[in-house]
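Structural characterization, general
The chain contents come next:
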Amino acid sequence: MGRRDKILRAVAGRGRILLCAVFLMAQTSLFLMSASAQTAPEYRLEAGVGLGLVSYQGDFNSSILKNQQPMYSLLAKYRLDPRRALALNISYGDIKGSSRDEQTYYPDYQDYSFKNSLADIGLRFEYNFWPYGTGSEYRGAKRLTPYIFIGLGATVCKADKTVVTANIPLGGGLKYKLSDRVNTAVEWAMHFSGSDRLDGVSDPYRIKSSGIFKNTDCYSQFRLSLTYDLWAKCKTCHNDRD
């Protein structure tokens with residue numbers, strides 16, 4: 001065997017050793033990255049505040065873009081898993097409307113206007129289209145996801161007299177994880193109430209109607225919220241990653 005062949009064999013042998021070393025290092029790196037990707041804590045609870053606009057829809061306002069008023073919210077969410085959550089919302093604001101803004105003729109309310117305070121408390125179920133998270137606490141989680149929700153709430157409105165009624169919130173939005181524990185969301189919801197007196201007037205058409213939501217008042221809310229994650233999940237107690 002010549003000197004050249006010996007050199008080539010030595011180089012080839014060292015090359016194989018180097019390739020094996022690189023392969024082992026790559027596999028080790030991938031393993032460590034995969035392991036570290038699942039070490040970040042999962043949080044069960046988030047709490048925060050919201051600011052938005054509320055608009056009454058009823059006999060004296062037919063557009064969701066008219067007569068919008070500020071609305072303030074406190075909220076808390078309990079995450080069942082990365083796709084589902086239960087949310088508690090407490091909101092307060094004013095609703096307003098006027099017969100002067102409508103083309104409908106009302107025999108007894110040709111020049112009627114109102115501005116009533118409204119409080120809303122509700123529990124709702126949220127569903128995320130994609131698993132929600134940073135991706136470091138749950139495999140496949142996304143920082144950005146659209147979501148939808150439905151729930152049940154109570155409305156207290158101070159008109160000519162205090163009105164207390166149930167409402168069903170229905171809507172959707174988009175949430176984004178700003179950091180490991182900070183979340184923001186923008187959403188829109190329609191609240192279908194069981195009362196026709198949120199505007200202080202019942203049946204201005206003088207037409208009797210029946211049905212749970214027939215000829216009742218509604219209000220919509222557009223909201224931006226900011227929440228902070230709390231209550232880290234015990235990884236050794238439960239394992240619902242799969």
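Not measured: the values here are computed from a predicted model. (Residues numbered from 1 in each chain as written. Predicted model: local features only at pLDDT ≥ 70, side-chain atom pairs only at ≥ 80, totals over all residues. Heavy atoms only, no water.)

**Here's the deal with empty space enclosed by the protein**
Enumeration over the complete set of coordinates arrives at 3 cavities of 30 Å³ or more. Put simply, the largest cavity is a space of about 170 Å³. In terms of lining, the largest cavity is formed by 16 residues, of which the most central are Tyr43, Arg79, Asp81, Pro82 and Tyr132. Of all elements in the fold, only strand E1 (43-57), strand E2 (69-81) and strand E6 (162-177) reach the threshold of two or more residues within the lining of the largest cavity. When its volume is computed, the second largest cavity comes out at roughly 100 Å³. (1 Å grid on protein atoms, 1.4 Å probe; cavity = no way out; pocket = protein on both sides within 12 Å on 5 of 7 lines; lining within 4 Å. Points joined across faces, edges and corners; volume = space filled by probe spheres on them. Helix = DSSP H or I, 4+ residues; strand = E, 2+ residues; numbered from the N terminus.)

**Let's talk about the nonpolar core**
Phe60, Ile95, Phe114 and Leu198 are the most contacted members of the largest nonpolar core, which totals 13 residues. Contributions of two or more residues to this core are made by E1 and strand E4 (113-128). When near neighbours in sequence (up to four residues on either side) are disregarded, Ile95 contacts Val54, Tyr56, Phe114, Lys115, Asn116, Leu118, Cys157 and Leu198. (Core = buried A, V, L, I, M, F, W, Y, C linked by side-chain atoms within 4.5 Å. Buried < 20%, exposed > 50% of the residue type's maximum accessible area, 1.4 Å probe, protein only. Contact = heavy atoms within 4.5 Å.)

**Details of the pairing of strand E5 (residues 144-158)**
Alignment of E4 against E5, held across 12 bridges, turns out to be antiparallel. Bridging from a neighbouring strand, Asn128 pairs with Tyr147 of E5. Here E5 runs beside E6; their pairing, made up of 13 bridges, is antiparallel. Within E6, the position partnered with Ala154 by the bridge is Ala166. Hairpin connection from E5 to E6: 3 residues lie between these consecutive antiparallel strands. (Pairing = 2+ DSSP bridges.)

So yeah, pure geometry; function would need other evidence.
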